[in-house]
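The chain contents come next:
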Amino acid sequence: MGEHIAPYYQVLLGGHMTENANSYGLATGKIHGKYIPTFIEELTGKYTAERNEEESFTDYVARLGKAEIKQILSKYDKIPSYEEAPEFYVDTGDTKDYQLKTGVGECAGEVVALVSMKLEEADRLIYESGLNLEKGEYQDSAELAFNAMIRAADGLLTTVGLQYIDDATTVSEFRPHFFEPGNFFPGYCAHIFKATEEDASTFDHELAHRRVEEATLFVEESHNVYNRMRIKQEEEEESRRKARRSRRPARKPRVVRKAKPVEEILDSLDLKGVACPFNYVQAKIRLETMDLGQLLEVTIDDGAPIENVPKSLTNDGHEIVDTKKIGKHYRLTVRKGE
């Protein structure tokens, strides 16, 4: 709510340890951490009161159905505002407000909003795939689960400046950016690769159920990967701020300096036609490959790019040395900062 973030948890139901633990739980929705004990008490109470003779909890959940469970979860949708109950914005076992900070530039904020939107869309598709599974619409269920993985992968690729083109491109780009560097748990990453080779039109209940389970794990890992990325970014930004403060010199009398020789631009990046925030992300990533103080030339469009990209790069600690208007575009000279 507003500037404050509340900790929510994904509810997975229906998994079991029998038959070599061959079934994971399926996503049924999200719930605030403080409501979890009450929700568990209500659901287990219903199970005790309504179960058939010898019916396991897993079987009861399957009979109850995702729609009914979603109805129960809806009771716990609302939480108080930060002003009313700030404790709702502190995670379990923590003492500080639950908040993952990012760069304050508009582009950085837009990246966060875009990735979050895509991951939330993946969550919604997982839920819908589970409903279709219950209805016996196995092909639709499998396809929705695959689309959930694509949406989650697309969200993560946004962080490296790649825009969605098609499903095949998303899968192929996901391999070098997240799978091969080891940034994503390999066992869960394999699910999206396998899904591209399967024919969902042949799926029965067992195969569709497996696809939904695998997609759930893939999407959950995508959330985990993105959270780790944001935490790492926050730590790096704090480290840069401390380094800049420690190097801040005391004021000295103004000295007239001789003109410095023209510096060589090490690299250039043509981002004409690349929309925000992808242009900012690509420039940010290119700067990360350069040494401190080196110059990068970036060409961007007029409008939102020239309004937002320079501010966001400056907020990241880089210096805009020069800005020139070239026709309908702008050419920035950026010095790599810390």
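Quick caveat, the model's predicted, so the values are computed rather than measured.

The rules we used
Every chain is numbered independently, its residues counted from 1 as its sequence is written. Per-residue local features of the predicted model are confined to residues with pLDDT of at least 70, and side-chain atom pairs are confined, for both listing and counting, to 80 or more; whole-chain, interface and lining totals are unaffected and use all residues. To obtain the side-chain values, all non-hydrogen atoms of the structure were used and water was disregarded. Strands are runs of DSSP state E lasting at least 2 residues, helices are runs of H or I lasting at least 4, and numbering of each runs from the N terminus. Note on definitions: a residue-residue contact is assigned when non-hydrogen atoms from the two residues lie within 4.5 Å. Surface accessibility in these figures is a Shrake-Rupley result with a 1.4 Å probe; residues are shielded only by whichever protein chains are displayed. Note on ring pairs: Phe, Tyr and Trp rings are taken, using the six-membered ring of Trp, and paired if centres are within 6.5 Å. Classes follow the plane angle, with under 30 degrees stacked, over 60 edge-to-face and the rest tilted. Only protein chains enter the accessibility calculation, which uses a 1.4 Å probe. A residue is then buried if its area is under 20% of the maximum for its type, exposed if over 50%, and partly exposed in between. Charge over a ring is defined by NZ of Lys or CZ of Arg lying within 6 Å of the ring centre and within 35 degrees of the ring normal. The term salt bridge refers to a side-chain nitrogen of Lys or Arg lying within 4 Å of a carboxyl oxygen of Asp or Glu. In this description, a nonpolar core means a group of buried Ala, Val, Leu, Ile, Met, Phe, Trp, Tyr and Cys residues linked to one another through side-chain atoms lying within 4.5 Å. Cavities and pockets were defined on a 1 Å grid built from protein atoms only: a cavity is a group of points that admits a 1.4 Å probe but offers it no way out, a pocket is an open group of points flanked by protein on both sides within 12 Å along at least five of seven lines, and a lining residue is one with an atom within 4 Å of any such point. Grid points are joined across faces, edges and corners, and a volume is the space filled by probe spheres set on the points. Put simply, Ala, Val, Leu, Ile, Met, Phe, Trp, Tyr, Cys and Pro go in the nonpolar bin, Asp, Glu, Lys and Arg in the charged bin, and everything else, Gly too, in the polar bin. On a range of 0 to 100, pLDDT expresses the predictor's confidence in each residue. For helices, the fitted line uses only the C-alpha atoms of the stretch in contact; every axis is such a line through C-alpha atoms, and the angle between N-to-C directions lies from 0 to 180 degrees. Each angle is binned into one of four classes, with values under 35 degrees roughly parallel, values over 145 roughly antiparallel, values of 65 to 115 roughly perpendicular, and all other values oblique. Handedness of a crossing follows from how the near helix is turned relative to the far one, being left-handed for an anticlockwise turn of less than a right angle and right-handed for a clockwise one.

Q: Please explain the overall build of the protein as it appears in this structure.
A: Broken down by element type, the protein carries 11 helices and 6 strands. Considering only intrachain contacts with a sequence separation of at least 6, the fraction spanning at least 24 residues in the protein is 67%. Accessible surface, the protein: about 19100 Å² in total, of which carbon and sulfur atoms supply 51%.

Q: Please clarify how the packing of aromatic side chains should be interpreted in this entry.
A: In this description, an aromatic ring pair is defined by two values, namely the gap between the centres and the angle between the planes. Using the criterion set out here, one finds 12 aromatic pairs in the structure. Both rings, one in Phe39 and one in Tyr76, keep their centres 6.1 Å apart while their planes meet at 85°; by these two values the pair is edge-to-face. With Phe39 in helix 2 (residues 36–50) and Tyr76 in the loop between helix 4 (66–74) and helix 5 (106–135), this residue pair connects regions lying 37 residues apart in the sequence. Side by side, Phe39 and Tyr76 carry an identical accessibility label, which is buried. Ring geometry for Phe185 versus Tyr188: centroids 4.7 Å apart, planes at 70°, classification edge-to-face. A residue is classified by how much of its surface remains accessible, and Tyr188, at 24% relative accessible area, is partly exposed. An aromatic cluster is built from Tyr35, Phe39, Tyr76 and Phe88, whose rings are joined through pairwise contacts. Lying across the ring of Phe88, Lys34 places its NZ or CZ 6.0 Å from the centre. The aromatic ring of Phe193 is capped on one face by Arg175, whose charged end is 3.9 Å from the ring centroid.

Q: In this structure, what is going on with the pattern of salt bridges? I would like to understand it.
A: Side-chain pairing between opposite charges can occur once the charged atoms of the two side chains come close. The tally for this structure, following the rule as stated, stands at 19 salt bridges. Between Glu121 and Arg124 there is a salt bridge, and its shortest N-O distance comes to 2.5 Å. Of this pair, Glu121 and Arg124 both sit in helix 5, 3 residues apart, which is roughly one turn of that helix. When its relative accessible area of 26% is taken as the criterion, Glu121 is described as partly exposed.

Q: Whenever I open this one, the nonpolar core confuses me. Can you help?
A: For soluble globular proteins, the rule of thumb is that nonpolar side chains tend to be buried together. Counting 58 residues, the largest nonpolar core has Phe174, Phe184, Ile192, Phe218, Tyr280 and Ile300 as its most contacted members. For Tyr280, the contacting residues outside a window of four places in its chain are Cys107, Ala108, Val111, Val309, Ser312, Leu313 and Asp316. In this structure, Leu13, Ile31, Leu64 and Leu73 belong to the second largest nonpolar core, which totals 19 residues.

Q: Any chance you could explain the layout of surface pockets here in plain terms?
A: Once rolled over the atoms, a probe with the size of a water molecule shows which space is left empty. Of the voids in this model, the second largest pocket is the one considered here, and its volume is about 820 Å³. It is helix 9 (residues 205–247) that provides the largest number of residues to the lining of the second largest pocket, a total of 10 residues. A breakdown of the residues in the lining of the second largest pocket according to their chemical character gives 12 nonpolar, 7 polar and 11 charged.

Q: How should I be thinking about the side chain of Lys284 in this particular structure?
A: Tracing the chain through its elements places Lys284 in helix 10 (residues 278–288). Once residues lying within four places of it in the same chain are set aside, the contact partners of Lys284 are Gln233, Leu313 and Asp316.

Q: Help me out: how do you make sense of the environment of Thr48 in this one?
A: Summarising the element assignment, Thr48 is placed in helix 2. Judged by its relative accessible area of 55%, Thr48 is exposed. Distance in space between the C-alpha atoms of Thr48 and Tyr60 is 9.8 Å, their sequence separation being 12 residues.

Q: How should I be thinking about the confidence of the model for the protein in this particular structure?
A: For any part of a model where pLDDT is low, the fine detail of the predicted coordinates should not be relied upon. Across the protein, the average pLDDT comes to 84, with 86% of residues at 70 or higher. Mean pLDDT across the elements of the protein ranges from a minimum in helix 1 (residues 18–21), with 53, to a maximum in helix 6 (residues 138–158), with 96. For residues 100–104, every residue scores under 50 in pLDDT, and the model assigns this stretch 16 contacts once sequence neighbours within four places are set aside.

Q: I keep staring at the packing of helix 6 against helix 7 (residues 167–179) and nothing clicks. Help me out?
A: In helix packing, the relevant descriptors are the interaxial angle and the interaxial distance, both defined with respect to the helix axes. Viewed as axis vectors pointing N to C, helix 6 and helix 7 meet at an angle of 55°, and their least axial separation amounts to 10 Å. Classified by the angle between their axes, helix 6 and helix 7 sit oblique to one another. The two elements helix 6 and helix 7 cross, and the hand of that crossing is left-handed. Each of Phe146, Asn147, Ile150, Ala153, Asp154, Leu156 and Leu157 in helix 6 lies in contact with helix 7, whose residues at this interface are Asp167, Thr170, Val171, Glu173, Phe174, His177 and Phe178. Among the residues making up the contact of helix 6 with helix 7, the classes are represented as 8 nonpolar, 3 polar and 3 charged.

Q: Any chance you could explain the environment of Ala145 here in plain terms?
A: Summarising the element assignment, Ala145 is placed in helix 6. Sequence separation between Ala145 and Glu213 is 68 residues; the distance between their C-alpha atoms is 8.6 Å. With near-sequence residues (within four places) excluded, Ala145 lies in contact with Ser129, Arg211, Val212 and Ala215.

Q: For this particular structure, what's the right way to read the side chain of Glu55?
A: Structurally, Glu55 is set in the loop between helix 2 and helix 3 (57–64). Other than its neighbours up to four places away in sequence, Glu55 contacts Tyr47, Tyr60 and Arg63.

Q: Just to check I follow, could you spell out unusual backbone geometry for this structure?
A: Most peptide bonds are trans, and most residues other than glycine sit at a negative phi. The amide bond that connects Cys276 to the next residue, Pro277, takes the cis arrangement and shows omega of 5°. As for its position among the elements, Pro277 is in the loop between strand 3 (265–270) and helix 10. The phi dihedral of Glu54 is positive, around 65°, even though this residue is not glycine. Of note, Glu54 is situated in the loop between helix 2 and helix 3.

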